[in-house]
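Listed below are the residues making up each chain.
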Amino acid sequence: MYTLYYYPGNASLFPHMLLREIGAPFELALVDRAQGAQYSPEYLKLNPHGRIPVLVDGGTVLFETAAIALYLCDMHPEAGLAPPVGTQARAQFYKWMVHLTNTPQAEFRAWFYPEQHVAGPALAETVKQAARVRLDGMFDRIAADLDGRDWLLDSGFSAVDLFLCMLVRWGRGMPRPPRSIPALAAHAARVLARPAVQATFAAERIAAPFV
Ligand SMILES: N[C@@H](CCC(=O)N[C@@H](CS)C(=O)NCC(=O)O)C(=O)O
């Protein structure tokens, strides 16, 4: 039985969707950010960085969203959420998993936590605006790549589509939300139509609009 440490709508949303797509038994453990629980001594034993999510599988304790996703895909190859190892499609899958985690996902920290990226609070707003410009460009390029295809991989739906949908959701409060790009809106609609994704949003009590 897996335990996913989560907070509604946080990076845990991606592995949560994945667990429901797989259909594996799991339980959710709320890390109450409203109370700063990500910095509690108990949680810091699981993730010394104080960030959400963490996945516990028996003696295996994992932090880093993309690592958790790769682990879940590997543990459940029958779910078909990652192309088989050793294929060209798998190479593209790695590319997207790494790109999404170390480029837009990382950039969102500057958008959501600008004060952590600058020595004094006066410059926080400029950090946020620079992050916005970079994120706009990232989403433009992802949309250009997606154009004409249903999913990020030619081989079909995979875990990286869930990841992209979460990132599109995170941008919903931006001046030019990613959903305003037609290819990303259409992709998000396809992901959001999936029963496992709808069940995830319902379980986290996330209401529409989803992106
Ligand atoms: N690279 C990490 C980043 C995780 C992350 O930034 N999580 C955010 C929530 S989406 C968090 O824990 N924020 C609370 C904080 O930084 O205090 C991962 O992918 O797991």
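Scoring rules and cut-offs
- Residues numbered from 1 in each chain as written.
- Predicted model: local features only at pLDDT ≥ 70, side-chain atom pairs only at ≥ 80, totals over all residues.
- Heavy atoms only, no water.
- Domains from an automatic or database assignment.
- Contact = heavy atoms within 4.5 Å.
- Buried area = accessible area lost by both parts, 1.4 Å probe.
- Salt bridge = Lys/Arg side-chain N within 4 Å of Asp/Glu carboxyl O.
- Polar contact = N/O pair within 3.5 Å; in protein donor to acceptor, adjacent residues only side chain to side chain.
- Helix = DSSP H or I, 4+ residues; strand = E, 2+ residues; numbered from the N terminus.
- Buried < 20%, exposed > 50% of the residue type's maximum accessible area, 1.4 Å probe, protein only.
- Arc of directions from axis to C-beta.
- Pairing = 2+ DSSP bridges.
- Core = buried A, V, L, I, M, F, W, Y, C linked by side-chain atoms within 4.5 Å.
- Near = heavy atom within 4 Å.
- Areas by Shrake-Rupley, 256 points an atom, 1.4 Å probe, with all protein chains shown as cover.
- 1 Å grid on protein atoms, 1.4 Å probe; cavity = no way out; pocket = protein on both sides within 12 Å on 5 of 7 lines; lining within 4 Å.
- Sits in = over half its atoms within 2 Å of the grid points.
- Nonpolar A, V, L, I, M, F, W, Y, C, P; charged D, E, K, R; others polar.

**Quick look at the domain arrangement of the protein**
Often the size quoted for an interface is simply the accessible area lost on bringing the parts together.
Piece 1. In terms of domain boundaries, the protein breaks down into domain 1 (2-79) and domain 2 (88-194).
Piece 2. Contacts between the two partners involve 16 residues from domain 1, matched on the other side by 16 residues from domain 2.
Piece 3. Across the domain 1/domain 2 interface, buried area totals approximately 1,400 Å², and carbon plus sulfur atoms make up 66% of it.
Piece 4. Three residues, Phe 14, Glu 21 and Leu 70, lead the burial of domain 1 against domain 2; their summed loss comes to 34% of the area buried on that side.
Piece 5. Connecting domain 1 to domain 2 are two salt bridges.
Piece 6. A salt bridge links Arg 90 to Asp 74, with the shortest nitrogen-to-oxygen separation between them at 2.9 Å.
Piece 7. Connecting domain 1 to domain 2 are four residue pairs in polar contact (both at pLDDT 80 or more).
Piece 8. When contributions to the side of domain 1 that touches domain 2 are tallied by element, the ones reaching two or more residues are α1 (13-22) and α3 (65-75).

**Description of helix α9 (residues 195-203)**
Piece 1. The complete set of buried residues in α9 reads Ala 196, Val 197, Thr 200 and Phe 201. In an axial view of α9, the angular spread of the buried residues amounts to 135°, which keeps them on one side of the axis. Facing away from the buried surface of α9 by more than 90 degrees, the exposed residues are Pro 195 and Ala 202.
Piece 2. On the buried face of α9, the contacting elements are α1, α7 (159-170) and α8 (182-192).

**Quick notes on the pairing of strand β4 (residues 60-63)**
Piece 1. Judged from the four bridges that link them, strand β3 (residues 54-57) and β4 form a sheet pairing that is antiparallel. By the bridge assignment, Val 56 is partnered in β4 with Val 61.
Piece 2. Between β3 and the antiparallel strand that follows it, β4, lie two residues; Gly 58 among them carries a positive phi value of about 60°.

**Description of the nonpolar core**
Piece 1. Counting 63 residues, the largest nonpolar core has Phe 14, Leu 18, Met 97, Leu 100, Phe 139, Leu 164 and Leu 184 as the members making the most contacts within it.
Piece 2. Ranked by the residues each element gives to this core, the list is headed by α7, at 10 residues.
Piece 3. Not counting residues up to four positions away in its chain, the partners in contact with Phe 14 are Thr 65, Ala 69, Met 97, Ala 159, Leu 162, Phe 163 and Met 166.

**Some details on the site of the ligand**
Piece 1. Inspection of the region around the ligand gives 14 residues, with Tyr 39, Ile 52, Thr 65, Arg 109 and Tyr 113 positioned closest.
Piece 2. Within the side chain of Tyr 39, one N or O atom sits 2.5 Å away from an oxygen atom of the ligand.
Piece 3. Note that an oxygen atom of the ligand is positioned 2.6 Å from one of the side-chain N or O atoms of Arg 109.
Piece 4. For the ligand, the accessible surface in isolation is 510 Å², of which the surrounding protein chains cover 89%.
Piece 5. In a pocket analysis with a 2 Å cut-off to the grid points, the ligand is assigned to the largest pocket.
Piece 6. Split by residue class, the shell around the ligand holds six nonpolar, four polar and four charged.
Piece 7. No fewer than three residues from each of domain 1 (2-79) and domain 2 (88-194) sit in the shell around the ligand.

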